[in-house]
Every structure is written in structure tokens, then in C-alpha cells.
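Close look at the chain arrangement
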Amino acid sequence: MEVRTFRLEDLEQIALTNNPSLVRAYALVSAERGNWVQVGLPPNPAFGYAGFQLGSGGRAEQHVALVDGELVMGGKLRLNRAIAEQQIARAEQNMFAQQQRVLTDVRVAFYEALLAQRGLQLAEQLLKIARDGRTTAERLFKAGETSEVDYLQGEIEVFNSENGLNAARARHFAAWQTLLAVMGVPHLPPAILRGDLEAIPAELTWDETLARLLATSPEIGAAVANVDRARAALARARREPVPNVRFQMGVMQDNGIGGRTDGIVQTLLPLPILNRNQGAIRQSEAELSAAQQGLAQTELDLQNRLASVFERYTSAAYRVRRYRESILPTAEKSLAQVQRLYSGGEQPFLNLLNAQRTYFQTNNLYLQSLLDLRTSAAQIEGMLLSNSLGTVP
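Keep in mind that this is a model prediction, so the values were computed, not measured.

The next point concerns the nonpolar core. In this structure, Leu11, Val106, Leu179, Met183 and Leu193 are the most contacted members of the largest nonpolar core, which totals 72 residues. Sorting the residues of this core by element identifies α1 (8-18), α3 (76-142), α4 (148-183), α5 (206-216), α6 (218-239), α7 (278-343) and α8 (349-381) as the ones contributing at least two each. Take this core: its biggest share by element is 18 residues, from α7. With sequence-adjacent residues up to four places away left out, leucine 193 is seen in contact with Phe6, Leu11, Phe110, Ala113, Leu114, Gln117, Trp176 and Leu179. Membership of the second largest hydrophobic core comes to seven residues, among which are Leu120, Ala123, Ala130 and Leu165.

So this is what it looks like as C-alpha cells:
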């Protein structure tokens with residue numbers, strides 16, 4: 001069966017279509033839009049009937065067709081919708097944040113799976129090196145040029161490398177399962193990942209990164225919408241004391257003497273004497289102050305979270321360059337020389353083991369540095385938003 005190949009862009013599109021947290025976020029936006037429609041609708045009128053003196057045997061009966069209604073005054077319905085508009089804006093910002101969480105999770109999981117794929121290849125390479133070393137030790141032992149201890153050490157090194165390969169396979173499987181989960185397609189068959197693993201992202205500076213984060217973060221957008229909503233709610237609370245007009249009208253048919261058709265009109269106007277909504281106004285003022293402080297808190301929280309991620313990014317970028325420019329070439333050259341010298345009986349087997357282990361550890365540290373660089377860069381690009389499958393408030 002042909003194994004499919006995926007790039008990061010392919011996986012992002014799959015996730016944006018299938019991750020259930022995004023469907024939930026879209027539904028919440030839709031709910032707020034429905035609320036906007038509802039809160040701006042006027043009260044329904046009521047229709048009724050009233051009968052008077054129905055026991056008069058038709059001599060004095062009065063039948064009334066009534067219409068009862070309420071006129072909402074003071075622009076309160078418009079202000080209701082102003083509040084709802086900000087709730088929509090907040091829900092949309094939360095939706096954008098959720099989209100970014102999904103993309104960040106996919107990118108991080110992609111690089112972890114890509115690194116696991118690379119680690120599996122490295123483990124296979126190291127097992128081949130260990131087997132070659134064991135073969136050389138066996139040849140030298142049979143030729144009487146080395147002791148049996150070297151051959152046994154070679155056997156142990158092969159066993160350890162086989163364990164390492166098994167662990168690499170388990171890591172690759174787990175990384176692939178994580179990637180499938182954040183994409184929302186848990187049963188997708190295994191595939192080959194293609195990506196430029198070793199490309200170093202563009203160099204970032206603290207000031208530019210922080211400024212971009214504060215200017216574009218959906219968390220800031222949601223906090224701003226929360227302030228605007230609280231401000232609109234305060235305006236609505238201050239308008240609440242404006243009384244609504246209650247009216248009642250009717251057409252009356254008098255079946256008694258004269259049999260005339262008449263009409264009635266009744267109007268009620270509440271007087272805001274005792275209840276001027278003063279408690280709700282005070283509550284709205286406090287909620288506006290809390291929302292404003294929440295915005296400032298969000299800005300500081302973003303700066304605080306960025307500090308640790310940015311430290312990982314700069315440290316990993318430095319390590320990757322050092323490994324690439326000097327450490328990896330030196331480790332590779334050292335291993336090649338020791339292999340050549342040991343094969344000629346000019347080096348003890350212990351030196352070969354040390355060179356192999358150093359080469360393995362160096363490559364693993366390089367891969368881990370690449371992972372730190374890629375994941376921290378993805379988190380910065382994703383405005384520090386992740387954990388898309390966690391509980392969304």
C-alpha cells in the first residue's frame with residue numbers, strides 16, 4: 001500500500017476542517033448573533049376580550065375587543081443590541097484565538113513528529129554503526145589482535161542500540177498519535193512527513209515580538225471587546241429608569257339600550273421614584289472598572305508568558321548554530337578517525353565506544369535543540385496560544 005506524504009500546510013488545512021474545538025467556537029459565535037437579534041425585538045402586543053354585565057339577558061351586555069402593548073422608551077432596545085454587538089466581537093476574538101491554538105498545536109506536533117521521524121533514522125544509523133563495530137571487534141578477536149572483552153563490549157553496544165531503536169519507534173508512534181489528535185482525525189493511517197526541519201526561522205527581537213503580540217493577540221481583542229461590552233452595559237443601565245409606556249385600547253359594543261359602539265383607551269406610565277436602577281448602575285460601573293483592569297492584566301500576562309518562550313527561542317537558535325557550524329562536524333570527524341584507527345588495531349575498543357556514544361549524544365542534543373527552536377518559534381508565531389483540545393471558557 002502506498003504511504004501518503006504530508007506537508008505542514010496540508011495538516012493545517014485538515015485540522016481547520018476537523019478539529020472539534022473550532023466547530024464549537026463557530027457555534028458560540030452563531031449563538032451570540034442569535035442573541036443580538038433577540039434582544040432588539042420589541043415586546044409582542046396582546047389581544048384579548050372583556051365582557052361586562054353578561055347576566056343581564058342581553059339588555060345591558062358590553063363586549064370589548066382589547067389590544068394591550070408596551071412601548072420601550074429611551075432607546076433601550078438599541079442599547080441592548082450595542083451590548084450584544086460586543087458579545088459577538090468577544091466571541092469572534094475567542095474563535096480567532098481557538099483557530100490559532102489549533103494551528104500552533106499542529107505546528108508543534110508536526111515538528112515533534114518530524115523530529116521523531118528523524119530520530120528513528122538516527123537510531124537505525126547508530127545500530128548499523130554498532131553492528132559494524134561489533135563485526136570489526138569480532139574480526140580482530142579472531143585474528144588475535146584484541147581481547148574477547150572488546151568483542152563482548154561490541155555485543156553490549158549492539159543490544160543498547162537495539163533498545164534505542166525500539167524507544168525511537170515508540171516515540172515516533174506517540175508523536176504521530178498526538179498529531180492525529182490535534183488534527184481531529186484520530187484514525188488517519190501513518191504517513192511520511194515532509195518539511196525543512198533544519199531551516200532556522202528569521203531572527204526575532206524582543207521589542208518587535210512583544211509589540212506584534214500586543215497588537216495582534218486575540219486575547220487582547222477579547223479583553224478590549226469585554227471593556228466595550230461593559231461600557232455599553234453601563235449606558236444601558238443608566239437608561240433603564242426611563243419608563244416604558246404601557247397602553248391598552250379597545251372597541252366596545254353595547255348591546256343594551258341604544259346599542260352603540262364605543263371605545264376605551266388606558267395608558268400607564270411608571271414613575272422612577274423609588275427604583276432608579278441605582279444598584280445596577282453601580283454594578284455596571286464596577287464591571288467596567290474590572291474589565292479595564294482585565295485588559296491591563298492580559299497585556300502583562302502576555303509579556304510574562306512571552307519571556308520564557310523567547311528565552312527558549314534565543315537559546316535554541318544559538319545552540320543549533322553551534323552544533324551545525326562546529327560540534328556536529330567535529331563529532332563526525334572524530335568518529336570516522338577512531339573507526340579507521342580501531343580497524344587498523346591502533347586504538348582500543350573503549351575509544352571507539354566513546355566516539356560512538358559521543359556522536360549519538362551530540363546528534364540527539366542537536367535534534368532536541370532543533371525541536372526547541374521550532375516549537376518556541378511556532379508558539380511565538382501563534383501568539384502564545386496552544387492546547388486547542390483543552391477546555392475552552
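On we go from here.
With that out of the way, let us pick up the environment of glutamate 203. Position of glutamate 203 relative to the elements: it lies in the loop between β4 (192-194) and α5. A C-alpha to C-alpha distance of 8.6 Å links glutamate 203 and threonine 314, two positions 111 residues apart in sequence.

Looking now at the environment of proline 348. With respect to the helices and strands, the residue proline 348 is situated in the loop between α7 and α8. Along the primary structure proline 348 and isoleucine 14 are separated by 334 residues, whereas in three dimensions their C-alpha atoms are 54 Å apart.

With that out of the way, let us pick up unusual backbone geometry. For methionine 383, which is not glycine, the phi torsion reads 55° and is therefore positive. Following the sequence through the fold, methionine 383 ends up in the segment after α8. Backbone geometry places leucine 384, a non-glycine residue, at a positive phi of 65°. Within the fold, leucine 384 resides in the segment after α8.

Once that is clear, we can look at the packing of aromatic side chains. Taken as a whole and assessed by the stated rule, the structure comprises five aromatic pairs. Where phenylalanine 110 meets tyrosine 111, the ring centres are 5.4 Å apart and the plane angle is 70°; that geometry is what we call edge-to-face. With respect to class, phenylalanine 110 is no different from tyrosine 111; both count as buried. Pairing phenylalanine 310 with tyrosine 313 gives two aromatic rings, centres 6.0 Å apart and planes at 45°, and the pair type is tilted. In this pair, phenylalanine 310 and tyrosine 313 are both assigned in helix α7, three residues apart and thus about one turn of the helix distant. Judged by its relative accessible area of 11%, phenylalanine 310 falls in the buried class. Ring pairs connect the aromatic residues Trp206, Phe310 and Tyr313, which therefore count as one cluster. Cation over ring: arginine 81 sits above tryptophan 36, and NZ or CZ is 4.1 Å from the ring centre.

To continue, consider the side chain of glutamine 87. As for its placement among the helices and strands, glutamine 87 is situated in helix α3. Not counting chain neighbours up to four residues away, the residues in contact with glutamine 87 comprise Glu32, Asn35 and Arg229.

The subject of this paragraph is a nonpolar patch on the surface. On the surface, Leu71, Met73 and Val242 cluster together to form a nonpolar patch covering roughly 220 Å² of accessible area. The topology assignment puts methionine 73 in the loop between β3 (62-71) and α3.

Scanning the model with the defined rule gives 19 salt bridges in all. Salt-bridge contacts for arginine 33 lead to glutamate 92; the nearest nitrogen and oxygen are separated by 2.8 Å. With arginine 33 in helix α2 (residues 20-39) and glutamate 92 in helix α3, the pair connects residues that are 59 residues apart, well separated along the chain. According to the relative accessible area criterion, glutamate 92 is partly exposed, its value standing at 24%. In this structure, a network of salt bridges that share partners links the residues Glu12, Arg107 and Glu381.

A separate point is α3. For an α-helix the count is 3.6 residues per turn, leaving residues at separations of three or four pointing the same way. Helix length check: α3 (67 residues) gives 98 Å between terminal C-alpha atoms against 99 Å at 1.5 Å per residue, within 8%. Positive backbone phi, at 75°, marks glycine 144, one or two positions downstream of α3.

Conventions used here
Residues numbered from 1 in each chain as written. Predicted model: local features only at pLDDT ≥ 70, side-chain atom pairs only at ≥ 80, totals over all residues. Heavy atoms only, no water. Core = buried A, V, L, I, M, F, W, Y, C linked by side-chain atoms within 4.5 Å. Buried < 20%, exposed > 50% of the residue type's maximum accessible area, 1.4 Å probe, protein only. Helix = DSSP H or I, 4+ residues; strand = E, 2+ residues; numbered from the N terminus. Contact = heavy atoms within 4.5 Å. Phe/Tyr/Trp six-rings, centres within 6.5 Å; stacked < 30°, edge-to-face > 60°. Lys NZ or Arg CZ within 6 Å of the ring centre and 35° of its normal. Patch = residues over 30% accessible without salt bridge, like charges linked within 9 Å, V, L, I, M, F, W, Y side chains within 5 Å. Areas by Shrake-Rupley, 256 points an atom, 1.4 Å probe, with all protein chains shown as cover. Salt bridge = Lys/Arg side-chain N within 4 Å of Asp/Glu carboxyl O. Expected span 1.5 Å × (residues − 1).

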